[in-house]
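Report on the structure
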Amino acid sequence: MRPTSSTRLASPLVAAFTALTLVSACGGGTPEQQQATAPVGEPQRGGTVTYSFSGDASNLDAARCGTGDWLACSAIYGTLLNYNAADQKFEPGMAESFETEDGRTWTLKLRQNVKFTDGTAFDAEAVKFNWERAADPKNLSPGALVAKSMTLTVVDPLTLRAELKEPNFQLRWALQGELAMIGSPAAIQQKGPDFANEPVGAGPFKLQSWARGSQMILVRNDGYWDQPRPYVDRFVIKVLNADDQRLNALRTGEIDVMATTRGEFGKKGVDAGFQLAELNYILGSGIRMSFTKGDLADPDIRKAVAHLADGDQMIKAFYPGETVARTLAPQSSWIYDPEAKLPTHDVAEAQRLVDGYLARTGKSEVTIAYKYIGGSAFSDGQAQMIQAMLQQAKGVKVELVSQDYATWFADTQRGDYQLQSFAVSGVNPDQLHNYFFTGASRNTTGYSNPAVDTALEKTRTAAEPAAQTEAYKEATRQLAADAAFQPWYYPVAQLLFPKKIHGVVPAYTYFMRPDLVWRES
């Protein structure tokens, strides 16, 4: 189901209840997020909660917080809006409201008496400063394209008006994502480049320490506006690369919440007695190709790679029990279209395309570098299988480049890759615009198709939900035909945790709301 199009924001979550996707060993979630709301008593303050996934944040600069940085950044800065996936609507966050009548003129209302942890005011001037900073190309912000589309006016200390040349009815998503984080202007100016390592926000936590590639320790911001939140004294983000490693750590109590996108580990966790909260992705997880680098700049070679990619083989070896992706979006997604069919596995057709390319160019072989996040038997094994798949065509050579998350993410931002692991995660449909619109800040493949641009623009400019939905479907049909993204399967973000941990609410992708979690003493 699609998110609400109402301009009014729902009331905040009630603290005495925990909204979860609670799934038993024989149960499952609904298409978006199965919710079981049950009273668990008043949240208790104190203690530490440790969350673990495979990737570390790449930076903590408010302007540059990307998908993999969201959990740490949201803990430090908060987010202007929150998105409640269970109820499919936006809710107030650091801002009280963000409203529009026509999609062109938006009004942001902030809360009174909110301060950054350096004592300066979290006001309309601060938001304007941050959004204008995001619009500056030198800051490499994922929100640059959206920020550049707005003319900002401070109406009063708590009101900011954003005027756009064209309507954008999807703009709220940016206030939960790429423009959600607001840093202290005074600290940004004072610290310069060091601000990325010494962030100053107004969110529920403050950074205490960060051992890159290992763990980050965040401590309660006692001046946070939404008392008595956050409930825990410390929120720790621990990097454990492998799913089985995280599950073992959960069993021993080394961590309190583990994230996975592999259903087999969700089932193992439930069978072991852990609670499970889950969130479906709007698209899937697989690989994507550069449209400008090396031999992949040729459309025939991209088609050949798409025909060589064998989803059935990948699922059997690495994702047992998951559904093989046949269309760009899963049937559970409200933008699903049965006509958005992925290229079929066809080695003979791939060989024909490769042979034709080599004859046309006079080259002796096609060379492709595959960059992926390594460090585990699972990811290394996947890479080796991809190498073997693509090398089924004679004349194709695949080089494997194993990277840590920070390096992989930096290369992704620069577009420094030919073939890489990739997922369109979470529930935000506007990601399609961010990743596939010509020149968009996250479109690092160089993909460009005027028909897709037209459809994606309509997803923003159309006021009616039905027109938005049809525009998304049109975009997925063309993206699938162009092999712009080749998913293997449709992940579900799964969070496992013991019964003594409460308030685990999935957010954004495979993350959670750090301000809501608490532990039973």
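Anything mentioned here points back to the structure above.
For the structure given in this document, a descriptive report is provided here. (Residues numbered from 1 in each chain as written. Predicted model: local features only at pLDDT ≥ 70, side-chain atom pairs only at ≥ 80, totals over all residues. Heavy atoms only, no water.)

Before going further, it helps to spend a moment on the packing of helix α8 (residues 311-318) against helix α10 (residues 377-390). Between two packed helices, both the angle of their axes relative to each other and the distance between the axes serve to describe the pair. With their axes 11 Å apart at the nearest point, α8 and α10 run at an angle of 155 degrees to one another. Considering the angle they form, α8 stands roughly antiparallel to α10. Along this stretch, α8 crosses α10, giving a crossing that reads as right-handed. Between α8 and α10, the residues in contact are Gln313, Met314, Ala317 and Phe318 and Phe378, Gly381, Gln382, Met385, Ile386 and Met389, respectively. For the contact of α8 with α10, the residue count by class is seven nonpolar, three polar and no charged. (Axes fitted to C-alpha atoms, helices over the stretch in contact; angles between N-to-C directions. Helix = DSSP H or I, 4+ residues; strand = E, 2+ residues; numbered from the N terminus. Parallel < 35°, antiparallel > 145°, perpendicular 65-115°, else oblique. Left-handed = near helix turned anticlockwise from the far one by under 90°. Contact = heavy atoms within 4.5 Å. Nonpolar A, V, L, I, M, F, W, Y, C, P; charged D, E, K, R; others polar.)

We now examine the sheet that holds strand β16 (residues 366-373). Strands sit in the order β17-β16-β18-β15-β19 across an open sheet of five strands; the sheet is mixed. Looking at the sheet topology across the chains shown, the edges are occupied by β17 (396-403) and β19 (486-489). Within the sheet, the average angular offset between the axes of one strand and its neighbour, ignoring direction, is 30 degrees. As paired strands, strand β15 (residues 285-289) and β19 are joined by three bridges and run antiparallel to one another. Across the sheet, Ile287 pairs through a bridge with Gln486, a residue of β19. (Pairing = 2+ DSSP bridges.)

A separate point is the sheet that holds strand β20 (residues 492-497). Ordered in space as β10-β11-β12-β3-β13-β20-β14, the seven strands form an open sheet in which the pairing is mixed. Since the sheet does not close on itself, it has two edges, and those belong to β10 (205-211) and β14 (275-280), each with one partner. Taken pair by pair, the neighbouring strands of this sheet meet at an average axis angle of 20 degrees, ignoring direction. Pairing analysis gives five bridges linking strand β11 (residues 215-220) to strand β12 (residues 234-239), with the strands arranged antiparallel. Bridging from a neighbouring strand, Leu218 pairs with Phe235 of β12. Together, β13 (257-260), β14 and β20 form the strand contacts of helix α6 (residues 263-271), whose direction differs from that of β20 by roughly 25 degrees.

Below, the discussion takes up helix α2 (residues 124-135). For α2, built from twelve residues, the straight-helix expectation of 16 Å at 1.5 Å per residue is met to within 8% by its first-to-last C-alpha distance of 17 Å. Listed in full, the buried residues belonging to α2 are Ala124, Ala126, Val127, Asn130, Trp131, Arg133, Ala134 and Ala135. On its buried face, α2 sits against β7 (105-110), α3 (144-148), β8 (150-156), β9 (159-164) and α4 (185-191). Sitting at the head of α2, Asp123 places a side-chain oxygen 3.3 Å from the backbone nitrogen of Glu125. (Expected span 1.5 Å × (residues − 1). Buried < 20%, exposed > 50% of the residue type's maximum accessible area, 1.4 Å probe, protein only. Polar contact = N/O pair within 3.5 Å; in protein donor to acceptor, adjacent residues only side chain to side chain.)

Glancing now at the pairing of strand β4 (residues 81-84). Across the two faces of β4 the burial is the same, with Leu81 and Tyr83 and Asn82 and Asn84 all buried. Here β4 pairs with strand β5 (residues 89-92) via four bridges, running antiparallel. Within β5, the residue paired with Leu81 across the bridge is Pro92. The antiparallel pairing of β4 with β5 creates a hairpin that spans four residues between the two strands, and Gln88 there sits at a positive phi of about 55 degrees.

Moving on to the packing of helix α13 (residues 450-461) against helix α14 (residues 465-481). Across the interface, α13 lies against α14 with an axial gap of 8 Å and an inter-helix angle of 155 degrees. The pairing of α13 with α14 is recorded here as roughly antiparallel in orientation. By crossing handedness, the relation of α13 to α14 is classed as left-handed. Residues Val452, Ala455, Leu456, Lys458 and Thr459 of α13 touch α14, and the partners they reach there are Ala467, Gln468, Ala471, Tyr472, Glu474, Ala475, Gln478 and Leu479. The residue inventory of the contact of α13 with α14, partitioned by class, reads eight nonpolar, three polar and two charged.

As a further point, take the packing of aromatic side chains. The full count for this structure, using the stated rule, is 25 aromatic pairs. Linked through ring pairs, Tyr51, Phe53, Trp70, Tyr508, Tyr510 and Phe511 together constitute an aromatic cluster. Sitting over the face of the ring of Trp210, Arg212 holds its NZ or CZ atom 3.8 Å from the ring centroid. A cation over an aromatic ring shows up here: Lys268 above the ring of Phe265, its NZ or CZ 4.6 Å from the ring centre. (Phe/Tyr/Trp six-rings, centres within 6.5 Å; stacked < 30°, edge-to-face > 60°. Lys NZ or Arg CZ within 6 Å of the ring centre and 35° of its normal.)

Opposite charge on two side chains allows them to pair when their charged atoms are near. Counting across every chain of the model gives 25 salt bridges. Glu163 serves as the salt-bridge partner of Arg161, at 3.8 Å between the closest nitrogen and oxygen. A residue is classified by how much of its surface remains accessible, and Arg161, at 29% relative accessible area, is partly exposed. When its relative accessible area of 33% is taken as the criterion, Glu163 is described as partly exposed. Arg477 is the partner of Glu470 in a salt bridge, and the nearest nitrogen-oxygen pair spans 3.1 Å. (Salt bridge = Lys/Arg side-chain N within 4 Å of Asp/Glu carboxyl O.)

Counting 79 residues, the largest nonpolar core has Tyr51, Trp131 and Phe235 as the members making the most contacts within it. For this core, the element with the highest residue contribution is helix α1 (residues 70-77), accounting for seven residues. (Core = buried A, V, L, I, M, F, W, Y, C linked by side-chain atoms within 4.5 Å.)

Scope: geometric values only; no functional claims are made or implied.
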